[in-house]
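Here is what each chain is made of, one letter per residue.
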Amino acid sequence: MTSWKTILSAILLPTLFVGSLYAGTNDGKLLATAGVTQIEGSAGGGLVPWAVISGYGSRDEVAATVSTTQVSTTDYRLDVTSAAIGLYDKVELSYAKQRFTLSSLGGDIQQEVFGAKVKLYGDAVYGVWPQVSAGLHHKRLKDNVIADAVGAKESSSNTDYYLAATKVHLGLAAGFNVVWNVTGRLTKANQTGFLGYGSASDTSHKLMMEGSAGILLSRNLVIGVEYRQKPDNLGLGEDDWYDIFVAYVPNKNVSLTLAWAKLGSIAGATGQEGLFLNLTGKLW
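What you see is a predicted model; the values in this text were computed from it and never measured. (Residues numbered from 1 in each chain as written. Predicted model: local features only at pLDDT ≥ 70, side-chain atom pairs only at ≥ 80, totals over all residues. Heavy atoms only, no water.)

Participant: Mind laying out the side chain of Thr73, listing which residues take part and the relevant values?
Facilitator: Position of Thr73 among the secondary structure elements: in the loop between strand E3 (62-72) and strand E4 (76-87). Apart from residues lying up to four places away in sequence, Thr73 is in contact with Leu263, Gln272, Glu273 and Gly274. (Helix = DSSP H or I, 4+ residues; strand = E, 2+ residues; numbered from the N terminus. Contact = heavy atoms within 4.5 Å.)

In structure tokens, the structure reads:
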């Protein structure tokens, strides 16, 4: 199986080379204010979708990005490849292919996520109020054997709905820019969908809260934290997720995010935590 080091060497070096050729050609959003790519393919933090639209395109431009993510813990590994397109800084369409590998037991579970997001109000940087967007993640589980075995009510597909608010405060903390995001998500997903959706005794969408906060130490470097609340529909002790991240954004064509993610109990295996790595590059 391809390791994150192989992915990094194969993609980061040519992407940085292309980025050095074209850096500064897009005059849309400020550098590092477009977020990175989260695990379901949307623009945001690593775990949480933000209200921002993918890419650095202005209201007159179309922007497209591709991304690869790997999260490795003691017993599991998550690999994600995704692509997103931002239309005139108003609409975002995304697709993510996820592979959840059971490192200790062998085998894997695959899921597809089709995303859409629409900006409803505001501008994250220049507006007085936060930028607000509504979005959805339609999830299709490609292997439902384990989901059926643990008692999921639905094991083929389901949809998350979310509302996100994002704001960048210029120079707020001793001259440094500060960014925060709050997201409310209606979801049935067990472990984001890898264990199906809902249970025999709990079939409704639940409101889960998610959040991110970061500080831009320079125009290229962001540090911060994230939190993602998760439902325990199956009674397996599903825990909320946290991470501490560092994002390096050398230009508008590439970003690299490293985080330490604490994922808690997953399918009865406790203490799951490990390295999160995301690389996002601009197509145009």
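The rest of the description comes next.
Participant: Provide a residue-level description of the environment of Arg77, including the pertinent values.
Facilitator: With respect to the element layout, Arg77 can be found in strand E4. Along the sequence, Arg77 and Leu102 sit 25 residues apart, while their C-alpha atoms lie 6.8 Å from each other. A polar contact is formed between the side chain of Arg77 and the side chain of Asp79, at a distance of 2.9 Å. (Polar contact = N/O pair within 3.5 Å; in protein donor to acceptor, adjacent residues only side chain to side chain.)

Participant: Describe the side chain of Thr166, listing the residues and the values that go with them.
Facilitator: Looking at the secondary structure, you find Thr166 in strand E8 (residues 157-173). At a separation of 2.9 Å, a polar atom in the side chain of Thr166 contacts the main-chain amide nitrogen of Ala51. At 2.6 Å, the side chain of Thr166 and the side chain of Asn181 are in polar contact. The contacts of Thr166, once residues within four sequence positions are left out, are Trp50, Ala51, Val52, Ala124, Pro130, Gln131, Val179, Trp180 and Asn181.

Participant: Tell me what's going on with the nonpolar core, and back it up with residues and numbers.
Facilitator: Membership of the largest hydrophobic core comes to 41 residues, with the highest contact counts inside it found for Tyr76, Leu78, Phe100, Ile109, Val222 and Leu263. Looking at this core, the elements with two or more residues in it are E4, strand E5 (91-102), strand E6 (108-121), strand E12 (241-251), strand E13 (254-266) and strand E14 (269-282). (Core = buried A, V, L, I, M, F, W, Y, C linked by side-chain atoms within 4.5 Å. Buried < 20%, exposed > 50% of the residue type's maximum accessible area, 1.4 Å probe, protein only.)

Participant: Which residues make up the sheet that holds E4, and what values go with them?
Facilitator: Taken together, the twelve strands give a closed barrel; going around it, the order is E3-E4-E5-E6-E7-E8-E9-E10-E11-E12-E13-E14, and neighbouring strands pair in antiparallel fashion. Between one strand axis and the next, the sheet turns through 20° on average, direction left out of account. By the bridge criterion, ten bridges tie strand E7 (residues 131-141) to E8 in an arrangement that is antiparallel. When the sheet's bridge partners are listed, His137 is paired in E8 with Asp160. (Pairing = 2+ DSSP bridges. Axes fitted to C-alpha atoms, helices over the stretch in contact; angles between N-to-C directions.)

Participant: Explain the pairing of E12 to me, and be specific about the residues and the numbers.
Facilitator: Here strand E11 (residues 221-228) pairs with E12 via eight bridges, running antiparallel. Across the sheet, Gly224 pairs through a bridge with Phe245, a residue of E12. Bridge count between E12 and E13: eight bridges; the pairing is antiparallel. Across the sheet, residue Ile244 finds its bridge partner in E13, namely Trp260. If you look at the hairpin formed by E12 and E13, you'll find two residues sitting between the two strands.

Participant: Now, about unusual backbone geometry: what can you tell me, with residues and values included?
Facilitator: Positive phi is not limited to glycine here, since Ala174 has a value of about 50°. Relative to the assigned elements, Ala174 resides in the loop between E8 and strand E9 (176-187). Judged by its relative accessible area of 77%, Ala174 is exposed. Here Gln191, not a glycine, exhibits a phi torsion of approximately 50°, which is positive. Take Gln191: its relative accessible area is 5%, and that puts it in the buried class.

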